[in-house]
Amino acid sequence: MEISDHSLRQYGLSVADLAAIIDRQAIDMPGGKVTTPNREYQIRFTEKRRTVGELEPLIVIKGHDGAEVRLGDIAKIRDSFEKEEDKITFDGRRTALLNIQKNTVDNSLRVLEAVRAFVEKEMVRLPEGIQLIPTQDSASIVSDRLQMIITNAWQGLILVALVLYLFFSGHYVFWVVMGLPVSFLGAFALITMMDVSINMISLAGLLIAIGILMDDAIVLLESIATEYRDGRLPLRAVVMRTKRVARGVISSFVTTVMVFGSLAFIRGDMGQVLKVLPIVLISVLLVSLIEAFLILPAHLRHALSRREKVPTWKREFARRFERWREEVGRAADWAVEYRYAFVGGVLGLFFLTVSLLPAGIVKFEGFPTLEGNLLQALILMPQGTSLEEMEKLVAYQKHALNRVAIKFSENEVAPLINHTSVIYGVNADAFEGGAHVATINVDLLAAEVRHTGINQLREAWGQAAGQVPGAIAILYKEPVAGPAGRPIYLRLAGLDINQLKAISIRLQNWLRSYEGVVNVLDDLRPGKPQLTVKMREGVYSTGLDASSVASQLRAAYQGIEVDEIQFQGETYGKRVPRIVGHYERGDRE
């Protein structure tokens, strides 16, 4: 409820007086009961107004001659949210978000399927104009990565099979290739018993294992085939060569366990996440080791017993490959003859390669972030910025994003942007709330089919938007969750705030001088502008004191909540009144 200061003076009211009048008439209380010969009735007195239409005719002033002044005559009553900046838009329309988070037990993919089924079911029942649209989906990326694993697996199987078929018979190739799915299935049984699920880290372990486990089978296959070509019987060739390569293969397995197994002993939150990687990788390699020494040799023995006609093209390939191998052998003889020069050249090349890392020519990232499907713009303006100004800035940022998206969509199979949502009053990196902050969330085309990198889009968006006058910071970034925290986090402590701010600015500028360092921000920022009111000398003699003036000031600009009601499933608070005044630039003092 808003009332002008002119109306208050006209009727000789204060804000507290008007609030008390409304509160006295907002009555809803039981009045006893009435008993008749037939039944009993309860009596309840209710004069509580719940809507704008019911509040407007409420009588707040009565005259001696019977005249009445209604609340709607002197106040403007409107139904609105408590904080105007607490709103969300989705593709330009007002929206409510239903956040769905899974617990630590359930499967992400099953939860995702349940959500999608729920959306399809409810869409049929919803009235026209209301939709349920999934957004900011961080679970489908697990499904995408799992599909990538499957794609890489069968593509790897085909490539390995084709290459092996150039040198060995089809029966050989079949049993070697079958080692991959067998190892994966066995590893799934092991990690299930160790309470490890399929997630982003375990998928990374499976990706690494695909390349390693095939090496053991190929080494064993080549060794047995060589022994058989030298005239050994199939059984003897399998037994002798399996024993001969056992030490090398087991040593390779132990080396891998020592390298990756150390990750399981890292403490803290990061250790809890990374320990999944060695568990999955070692499980796959352990099953593949068992398969390579106990199962594969038996199948290879049967394959050796079967004769297979060699096609003409394979014999021609073998002849040319043998010629090329002889040339490589002559190069090896030269390296042995000039061994000191060769070893010196290898060492020089090694040191040159290592020096590329500290020189910055070759970049290093221990655990690179996999690209997702979400991009954000976190906006932070000075405190006191109005919601209207923030809406203009958000519209400008969205316009810049659309210009960039149209350009990049030319190289995509579908529009680059699926949906855009704006959450006003929220900025996760600013640790503040209010009209001066906002977050723009962008749902992008899936990373598996997208040609535009998320960093490429982020940089282009920032360049298209340019510098925004008055903005403290606008961060264009991909939301990343996890125990690692921020890539760079520095804490400054001191007693002099001005000195701390000066040091922070210098430090930010120094960090920005490094290529790749973006979204630099500090949390030492000025607060909202404040108007300080004090009592003048001599006012106390008029009967006014600081308490009454402060109460009137608080009631006028913050309001007094006189009642709270439940109506149609919503909680409403009656706040009366807020004085509507006029502000001129010349009246600042």
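Residues numbered from 1 in each chain as written. Predicted model: local features only at pLDDT ≥ 70, side-chain atom pairs only at ≥ 80, totals over all residues. Heavy atoms only, no water.

*Asks:* I tried to follow the overall build of the protein chain on my own but got confused; where do I start?
*Replies:* Helix and strand counts for the protein chain stand at 18 helices and 15 strands. Here the C-alpha radius of gyration of the protein chain, 37 Å, is well above what a compact globule of 589 residues would show, namely 25 Å. Dimensions of the protein chain, computed from C-alpha atoms along their principal axes, come out at roughly 125 × 80 × 45 Å. Within the protein chain, the fraction of its 589 residues that count as buried is 31%. At a minimum sequence separation of 6, the contacts of the protein chain that also span at least 24 residues come to 67%. By element, 57% of the accessible surface of the protein chain is carried by carbon and sulfur atoms, the whole surface being about 39200 Å². Distance from the positive charge centre (66 side chains) to the negative charge centre (66 side chains) of the protein chain: 8 Å. (Helix = DSSP H or I, 4+ residues; strand = E, 2+ residues; numbered from the N terminus. Rg over C-alpha atoms; globule rule 2.2 N^0.38 Å. Buried < 20%, exposed > 50% of the residue type's maximum accessible area, 1.4 Å probe, protein only. Contact = heavy atoms within 4.5 Å. Areas by Shrake-Rupley, 256 points an atom, 1.4 Å probe, with all protein chains shown as cover. Lys, Arg positive; Asp, Glu negative; His and termini not counted. Charge placed at Lys NZ, Arg CZ, Asp CG, Glu CD.)

*Asks:* Which parts of the structure should I look at to understand the nonpolar core?
*Replies:* The tendency in soluble globular proteins is for nonpolar side chains to be buried side by side. Residues Tyr 172, Phe 184 and Leu 213 are the most contacted members of the largest nonpolar core, which totals 45 residues. Mapped by element, the contributors of at least two residues to this core are α6 (140-165), α7 (170-177), α8 (179-193), α9 (200-229), α10 (234-261) and α12 (276-304). In terms of residues, this core owes the most to one element, α12, which gives 13 residues. In this structure Tyr 172 touches Leu 221, Ala 225, Leu 300, Ala 303 and Leu 304, once residues within four positions along its chain are discounted. Formed by 30 residues, the second largest nonpolar core is a distinct cluster that contains Leu 393, Leu 457, Ala 460 and Ile 474. (Core = buried A, V, L, I, M, F, W, Y, C linked by side-chain atoms within 4.5 Å.)

*Asks:* Any chance you could explain the sheet that holds strand β12 (residues 473-477) here in plain terms?
*Replies:* The pairing of strands in a sheet comes from backbone hydrogen bonds and takes either a parallel or an antiparallel form. Pairing is antiparallel across the open sheet formed by six strands, whose spatial order is β8-β7-β10-β11-β9-β12. Looking at which strands have only one partner, the edges of the open sheet turn out to be β8 (93-95) and β12. Strand-to-strand twist in this sheet, taken as the mean axis angle between neighbours without regard to direction, amounts to 20°. Pairing of strand β9 (residues 374-380) with β12, which is carried by five bridges, proceeds in the antiparallel orientation. Bridging from a neighbouring strand, Ala 377 pairs with Tyr 476 of β12. (Pairing = 2+ DSSP bridges. Axes fitted to C-alpha atoms, helices over the stretch in contact; angles between N-to-C directions.)

*Asks:* Mind showing me how you'd approach the pattern of salt bridges here?
*Replies:* Where charged atoms from two side chains of opposite charge approach closely, those side chains can pair. This structure, assessed with the given rule, holds 12 salt bridges. As a salt-bridge pair, Arg 319 and Glu 316 come within 2.3 Å of each other at their nearest N and O atoms. Of this pair, Arg 319 and Glu 316 both sit in helix α13 (residues 312-337), three residues apart, which is roughly one turn of the helix. Where Arg 320 meets Glu 316, a salt bridge forms, and the shortest distance between an N and an O atom there is 3.1 Å. Of this pair, Arg 320 and Glu 316 are both found in helix α13, four residues apart, which corresponds to roughly one turn of the helix. Using a relative accessible area of 55% as the deciding quantity, one classes Arg 320 as exposed. For Glu 316, a relative accessible area of 30% puts it in the partly exposed group. (Salt bridge = Lys/Arg side-chain N within 4 Å of Asp/Glu carboxyl O.)

*Asks:* Looking at this structure, how should I read the environment of Val 163?
*Replies:* Position of Val 163 among the secondary structure elements: in helix α6. Taking relative accessible area as the criterion, Val 163 reaches 47% and is therefore assigned partly exposed. Along the backbone, Val 163 and Asn 103 are 60 residues apart, and their C-alpha atoms lie at a distance of 45 Å.

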